[in-house]
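# Breakdown of the fold
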Amino acid sequence: MGLLSDPVRRRALARLVLRLNAPLCVLSYVAGIAWFLALVFPPLTQRTYMSENAMGSTMVEEQFAGGDRARAFARDFAAHRKKSGALPVAWLERTMRSVGLEVYTQSFSRKLPFPDETHERYMVSGTNVYGILRAPRAASTESLVLTVPCGSDSTNSQAVGLLLALAAHFRGQIYWAKDIIFLVTEHDLLGTEAWLEAYHDVNVTGMQSSPLQGRAGAIQAAVALELSSDVVTSLDVAVEGLNGQLPNLDLLNLFQTFCQKGGLLCTLQGKLQPQDWTSLDGPLQGLQTLLLMVLRQASGRPHGSHGLFLRYRVEALTLRGINSFRQYKYDLVAVGKALEGMFRKLNHLLERLHQSFFLYLLPALSRFVSIGLYMPAAGFLLLVLGLKALELWMQLHEAEVGLEEPGGAPGPSVPLPPSQGVGLASLVAPLLISQAMGLALYVLPVLGQHVATQHFPVAEAEAVVLTLLAIYAAGLALPHNTHRVVSTQAPDRGWMALKLVALIYLALQLGCIALTNFSLGFLLATTMVPAAALAKPHGPRTLYAALLVLTSPAATLLGSLFLWRELQEAPLSLAEGWQLFLAALAQGVLEHHTYGALLFPLLSLGLYPCWLLFWNVLFWK
């Protein structure tokens, strides 16, 4: 306390901080990037382990042998779907009843805010079919779900066949202590969301659906299955859910354990697991997988039907059968045995999965990085904003108080004239105008789509995207003139005060985002922090402006798309990247209004206005 209360020592500390601020900022930023890259190296990356005692052993004997029956079901399903042109509801009801399930249907409809050109749909209506296998050894208080999504572009017939064959096999067993729901949804995620909302008796997306006639117990876990062939070479697991949510790590460990037991090849992000972590090749391969997970989690999209279950506190995974040119092939029996083993172990649970991690990163299926080890990477990046804010505060404080002459007698401080002070009122106009631009970016594209289509030869989806780009670009011209309406005679301290507020605003936003979705927070901090720290109206303004534009939220999204395809070994040309960028903008807005994805409102209402404040600072006159 003496250091802060003594004016001489406080000023000495202020000079030290001001002199070392730039080296400390550079060191902190480099430390954050280096810490993230080091996450793929032991001991920061640890071996996965089972925390739940009820699932600690795989000593169950899988007896599923219905491969031929599954293929027969798949052929019949594909034939009836091709004949009807939609989900064969009557055939599914009849088949599920024949294997001994309680069968129910649910109709739903949803009008999208604008046409979805990716799936070519606007007014969506469909029917979900589900059958319930009641537990013979317990009351219907808990349940498990095996779901197969059927979209318009993929029939997923092999997965439906395997689901029905597993239902027939499970019906003959007497050890079930939980109800098992076999769910087939139409229109992939839309059908899944309609069923989940009706099951939990909520309506969070405006879905119109009929109430469920049959229910089971509280859902403890769910597995979504997607198969494109009768044989698979590997099973790829998807864990990223809506808004970056992840399932309990024990569920992923359970999947990997039964894949190893059955000799199934399992992949993550489409990548094989590194075998040797002692050499450099293993960590480098793990870094590719880790970056792919970061990019997918940062998008906030549910990468499979399981992603919507996570919103309702249901641990879930999506398993995708991949049929490539690898040497080893597995039939539906091997996949069915792995699913049977997983459901038998989940049947032993006495409480919800909670003992393992919910916040983690995965460089491989057998390795994970816990929250306590990856959060310092984001902390170092956010420290840069704190150091720059501290520097600006000290400069403003010294300019307001003034330094005493060395050797002079201390006397009462002379108050500064009001014209030299920087009041909070001078910051109201830039803040309000920047937030208004963000609000317009969030509201106007969807509301004004019909006006745009009447005056311009564009479709609704194109109108939404073009309005987004137009408002985004208009923000570059408007906010840097906001200070002209402010009456002040201290222009230097005006931009310093505005940048101080902007730095604190950005640090709070990125900190809160990193706590809930580390991948998104880290990705935005990596790009936005350097430009935010360097922004000032003096020096090479053109260079600073180019850096701000290249690190804006839109440019970050565009660069992430190129990086994602590069890591998938399918690089994009500039034209392909731009088209993918426009499609990603439309999908981001659509998923926010359809499923409640938060990436679009976070960028439009939070980070874009904050970025405009730094643009305002750069062009301060």
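Here the structure is a predicted model, which means the values were calculated and not measured.

### Description of the overall build of the chain
Helix and strand counts for the chain come out as 20 helices and 12 strands. Referenced to the eigenvectors of the C-alpha coordinate spread, the extents of the chain come out at roughly 95 × 60 × 45 Å. Looking at the chain as a whole, 53% of its 621 residues are labelled buried. Counting contacts in the chain only where the partners sit at least 6 residues apart, residues at least 24 apart contribute 81% of the total. For the chain, the computed accessible surface area is about 26900 Å², with 62% contributed by carbon and sulfur atoms. Of the charged side chains in the chain, 44 are positive and 42 negative; the average position of the first set lies 2 Å away from that of the second.

### A closer look at helix H14 (residues 460-477)
Its 18 residues place the ends of H14 26 Å apart at the C-alpha level, agreeing with the 26 Å of an ideal helix rising 1.5 Å per residue. Regarding H14, the residues found buried are Ala461, Ala463, Val464, Val465, Thr467, Leu468, Ile471, Tyr472 and Gly475.

### So, the pairing of strand E8 (residues 234-238)
The element E8 is extensively covered by neighbouring structure, given that 5 of its 5 residues are classed as buried. Burial along E8 is two-sided: the face carrying Ser234, Asp236 and Ala238 and the face carrying Leu235 and Val237 are both buried. Pairing analysis gives 5 bridges linking E8 to strand E10 (residues 315-322), with the strands arranged antiparallel. Within the sheet, the bridge partner assigned to leucine 235 lies in E10 and is glycine 321.

### Description of the pairing of strand E11 (residues 360-364)
Buried residues dominate E11, accounting for 5 of its 5 residues. With 3 bridges connecting them, E11 and strand E12 (residues 367-370) associate as antiparallel partners. Pairing of leucine 361 across the sheet is with valine 369, part of E12. Taken together, E11 and the strand that follows it, E12, pair antiparallel across an intervening segment of 2 residues.

### Some details on the sheet that holds E12
With respect to topology, 3 strands assemble into an open sheet ordered E1-E12-E11, the strand pairing being antiparallel. Looking at strand neighbours, the two that pair on one side only are strand E1 (46-47) and E11, the edges of this open sheet. Looking at chain direction, E1 and E12 are connected through 2 bridges and run antiparallel. Within E12, the residue paired with glutamine 46 across the bridge is phenylalanine 368.

### Considerations on the environment of leucine 365
By the element assignment, leucine 365 lies in the loop between E11 and E12. Overall, leucine 365 belongs to the buried group, its relative accessible area being 0%. Once the C-alpha coordinates of leucine 365 and glycine 286 are considered, the two residues, 79 residues apart in sequence, prove to be 9.8 Å apart. Beyond its immediate chain neighbours, meaning those up to four positions away, leucine 365 contacts Thr48, Val237, Leu252, Phe255, Gln256, Cys266, Thr267, Leu268 and Gln273.

### Describing the sheet that holds strand E6 (residues 208-209)
Read across the open sheet, the 9 strands follow the order E6-E2-E3-E5-E4-E7-E10-E8-E9; overall the sheet is mixed. Edge positions in the open sheet fall to E6 and strand E9 (266-268), since each of these has one partner strand only. Where helix H4 (residues 89-98) meets the sheet, it contacts strand E2 (102-116), strand E3 (121-133) and strand E5 (179-186), and its direction lies at approximately 10° from that of E3.

### Side note on the packing of aromatic side chains
As enumerated under the stated definition, the model contains 21 aromatic pairs in all. Centroid distance phenylalanine 170 to tryptophan 176: 4.7 Å. Interplanar angle 55°. Geometry classified as tilted. By the burial criterion, phenylalanine 170 is buried, and tryptophan 176 matches it. Here phenylalanine 170 and phenylalanine 182 contribute two aromatic rings whose centre-to-centre distance is 6.1 Å and whose plane-to-plane angle is 45°, an arrangement assigned as tilted. With phenylalanine 170 in helix H5 (residues 157-171) and phenylalanine 182 in strand E5, this pair connects stretches of sequence that are 12 residues apart. A relative accessible area of 1% means that phenylalanine 170 is categorised as buried.

### Comments concerning the packing of helix H3 (residues 67-84) against H5
Contact geometry for H3 and H5: axes closest at 7 Å, N-to-C directions at 130°. The orientation of H3 with respect to H5, classified from their angle, is oblique. Between H3 and H5 lies a crossing of right-handed hand. Contacts from Arg69, Ala70, Phe73, Ala74, Phe77 and Ala78 in H3 reach Ser157, Gln158, Val160, Gly161, Leu162, Leu164, Ala165 and Ala168 in H5. For the contact of H3 with H5, the per-class residue count stands at 10 nonpolar, 3 polar and 1 charged.

### A look at the domain arrangement of the chain
We note that the domain assignment places domain 1 (87-269 + 302-351) and domain 2 (424-619) within the chain. For domain 1 versus domain 2, the distance between C-alpha centres works out to 37 Å. With 18 residues of domain 1 at the interface, the matching set in domain 2 holds 18 residues. When the buried area of domain 1 at its contact with domain 2 is split by residue, Pro113, Phe114 and Asn243 rank highest and sum to 40% of it. The tally of links between domain 1 and domain 2 comes to 0 salt bridges. The tally of links from domain 1 across to domain 2 stands at 5 residue pairs in polar contact (both at pLDDT 80 or more). It is E2 that provides the largest number of residues to the side of domain 1 that touches domain 2, a total of 6 residues. Tallied by class, the residues present in the side of domain 1 that touches domain 2 amount to 8 nonpolar, 4 polar and 6 charged.

### Some remarks on unusual backbone geometry
Here the amide bond leading from proline 42 into proline 43 is cis, since omega sits at 5°, within 30 degrees of zero. Here proline 43 shows up in the loop between helix H2 (7-37) and E1. One non-glycine residue, histidine 187, adopts positive backbone phi at about 60°. By secondary structure assignment, the location of histidine 187 is in the loop between E5 and helix H6 (188-199).

Parameters at a glance
Residues numbered from 1 in each chain as written. Predicted model: local features only at pLDDT ≥ 70, side-chain atom pairs only at ≥ 80, totals over all residues. Heavy atoms only, no water. Helix = DSSP H or I, 4+ residues; strand = E, 2+ residues; numbered from the N terminus. Buried < 20%, exposed > 50% of the residue type's maximum accessible area, 1.4 Å probe, protein only. Contact = heavy atoms within 4.5 Å. Areas by Shrake-Rupley, 256 points an atom, 1.4 Å probe, with all protein chains shown as cover. Lys, Arg positive; Asp, Glu negative; His and termini not counted. Charge placed at Lys NZ, Arg CZ, Asp CG, Glu CD. Expected span 1.5 Å × (residues − 1). Pairing = 2+ DSSP bridges. Axes fitted to C-alpha atoms, helices over the stretch in contact; angles between N-to-C directions. Phe/Tyr/Trp six-rings, centres within 6.5 Å; stacked < 30°, edge-to-face > 60°. Parallel < 35°, antiparallel > 145°, perpendicular 65-115°, else oblique. Left-handed = near helix turned anticlockwise from the far one by under 90°. Nonpolar A, V, L, I, M, F, W, Y, C, P; charged D, E, K, R; others polar. Domains from an automatic or database assignment. Buried area = accessible area lost by both parts, 1.4 Å probe. Salt bridge = Lys/Arg side-chain N within 4 Å of Asp/Glu carboxyl O. Polar contact = N/O pair within 3.5 Å; in protein donor to acceptor, adjacent residues only side chain to side chain.

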